[in-house]
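# Breakdown of the fold
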Amino acid sequence: METLLLRPNPRSIDRAASLVINGQVVALPTETVYGLFADATRREATDRIFLAKGRPQDNPLIVHISDMNMLKSIADDIPREAFRLADEFWPGPLTMILKKKDVICDKVTAGLDTVGIRMSSDPVLMEVIRKSAKPLRGPSANRSGRPSPTDANTVLSDMDGRIPLILDGGECRIGVESTVVSLVSPQPVLFRPGYITSRQISRVLGKEVILSKGITEELSSDDKVLSPGLKHRHYAPAAEVTIVNGPFEKYKCLVEGEGAVALCFDEYAPFLMCKTVCYGKKDDPRDQASKLFSALRTLDEIGADKVYAMMPDTEGIGLAIYNRLLRAAAFRVVNV
Ligand code: TXA
Ligand code: MG
């Protein structure tokens, strides 16, 4: 299959919508990361996504919508909280887990009776959803296990020959995937931290948000897995990554002594006598979010085999950075 990479314009957007209507998969930008999109009401279309990603079949996919009527057509027993969060954060980087209606095929939700739903603020994606008039399932556009792509050329390097079309909307503004919150039980549960923080959600709902265990700790085999994405190793570069928590002098000794590559904040690179890959400014989690995934891919490109990553802040958006980095590090953290 030939993979076209086109700039978004009315013609290429029409082309994407008709591919979707015909049950095909297209890669489109969102404000978080690029996604692979297909009709969420058709089983063959989902199969094509799983095939393109090479993804484990037990991982449910997010469904993307363009308006609130579409929400009502795919979710059941929608709680008041969902409308409050939608008012505040949609369109935007928030996914809500709600009870699903039967129009959403079981394959999308991996057999769960719930569905993750998000309204993205990306104008190209919104237009394709409107034109095709379908809710679109959309996992990140990487091959399974690779970091999520934040630009169209990275999508092409993972998906060349596997899908017919990629629309190039430039670099994603945010760079880490949406916050995932479940509203299925009275107490909201955070399944995946993102740009919208649990504190922001709490403030809107006037309720505490419970953090799911898999966010900062590795789930053991007897933990009940509520969100299958929590258990898969994700975002993994080929290198062995370890997160280092401690003062810079000790970090420097460790990484230089071991001849490893430093995955560090921009400010520190000039002071390290080893190979460095930067992932943003020290006190700026937004900047780190927009650079982390491409930094992880760079580690592979330079053939790094041992990497020590500087520990990010874990507050606010920092929790999203720490969560992605922990997965890349297979939960290895050392204190120095
Ligand atoms: O920013 C994003 O959310 C991107 C862009 C493309 O929209 N999409 C994305 O989708 O990251 P994906 O499929 O790579 O991640 C879906 C996450 C997984 O962690 C999955 O386990 C969780 O959401 N999830 C989806 N549906 C769920 C459900 N019904 N119950 C629990 N977790 C669910
Ligand atoms: Mg993903």
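Keep in mind that this is a model prediction, so the values were computed, not measured.

Parameters and conventions
- Residues numbered from 1 in each chain as written.
- Chains lettered and ligands numbered in written order.
- Predicted model: local features only at pLDDT ≥ 70, side-chain atom pairs only at ≥ 80, totals over all residues.
- Heavy atoms only, no water.
- Helix = DSSP H or I, 4+ residues; strand = E, 2+ residues; numbered from the N terminus.
- Rg over C-alpha atoms; globule rule 2.2 N^0.38 Å.
- Buried < 20%, exposed > 50% of the residue type's maximum accessible area, 1.4 Å probe, protein only.
- Contact = heavy atoms within 4.5 Å.
- Areas by Shrake-Rupley, 256 points an atom, 1.4 Å probe, with all protein chains shown as cover.
- Salt bridge = Lys/Arg side-chain N within 4 Å of Asp/Glu carboxyl O.
- Axes fitted to C-alpha atoms, helices over the stretch in contact; angles between N-to-C directions.
- Parallel < 35°, antiparallel > 145°, perpendicular 65-115°, else oblique.
- Left-handed = near helix turned anticlockwise from the far one by under 90°.
- Nonpolar A, V, L, I, M, F, W, Y, C, P; charged D, E, K, R; others polar.
- 1 Å grid on protein atoms, 1.4 Å probe; cavity = no way out; pocket = protein on both sides within 12 Å on 5 of 7 lines; lining within 4 Å.
- Points joined across faces, edges and corners; volume = space filled by probe spheres on them.
- Pairing = 2+ DSSP bridges.

## Quick look at the overall build of the protein
Summing up its helical and strand segments, the protein has 10 helices and 17 strands in all. Over its C-alpha atoms the protein spans a radius of gyration of 20 Å, differing by no more than 12% from the 20 Å that the globule rule assigns to 336 residues. Taken across its 336 residues, the protein has 54% of its residues classed as buried. In the protein, the share of contacts with a sequence separation of at least 24, taken over all contacts with a separation of at least 6, comes to 67%. If you sum the accessible surface of the protein, you get close to 14200 Å²; carbon and sulfur atoms cover 48% of it.

## Observations concerning the pattern of salt bridges
Evaluation of the coordinates by the stated rule reveals 17 salt bridges. Across the pair Asp 168 and Arg 7 runs a salt bridge, and its minimum N-O distance is 3.9 Å. Remark: Arg 7 occurs in the loop between strand S1 (4-6) and helix H1 (10-21) and Asp 168 occurs in the loop between strand S9 (165-167) and strand S10 (179-182); sequence separation between them is 161 residues. Where Arg 199 meets Glu 315, a salt bridge forms, and the shortest distance between an N and an O atom there is 3.7 Å. Of this pair, Arg 199 sits in helix H7 (residues 198-205) while Glu 315 sits in the loop between strand S16 (306-310) and helix H10 (318-328); the two residues are 116 residues apart in sequence, bridging distant segments of the chain. The exposed category is assigned to Arg 199, whose relative accessible area is 55%.

## So, the packing of helix H9 (residues 285-301) against H10
Put simply, H9 and H10 touch, their axes get as near as 9 Å, and they point 20° apart. Classed by the angle they form, the pair H9 and H10 counts as roughly parallel. The way H9 lies across H10 gives a crossing that is left-handed. Two secondary-structure elements touch here, H9 through Pro 285, Gln 288, Ala 289, Leu 292, Phe 293 and Leu 296 and H10 through Gly 318, Ile 321, Arg 324, Leu 325 and Ala 328. Class assignment for the residues of the contact of H9 with H10 results in eight nonpolar, two polar and one charged.

## Brief notes about the layout of surface pockets
The space that makes up the second largest pocket amounts to roughly 270 Å³. Along the wall of the second largest pocket there are 16 residues; nearest its centre are Thr 197, Ser 198, Arg 199, Gly 316 and Ile 317. Looking at the lining of the second largest pocket, the element that brings in the most residues is H7, giving three residues.

## Quick notes on the sheet that holds strand S13 (residues 240-245)
The sheet built from five strands is open, its strands ordered S15-S14-S16-S13-S17 with parallel pairing. Because the sheet does not close on itself, it has two edges, and the strands there are strand S15 (276-278) and strand S17 (333-335). Neighbour-to-neighbour, the strand axes of the sheet open up by a mean angle of 25°, direction not taken into account. The pairing of strand S14 (residues 261-264) with S16 spans three bridges and is classified as parallel. Each bridged residue has a counterpart across the sheet, and for Val 261 the counterpart in S16 is Val 307. Set on the sheet, helix H8 (residues 248-257) makes contact with S13, S14, S16 and S17; between it and S16 the angle comes to about 175°.

Remember that the coordinates give geometry; whether it matters functionally is a separate question.
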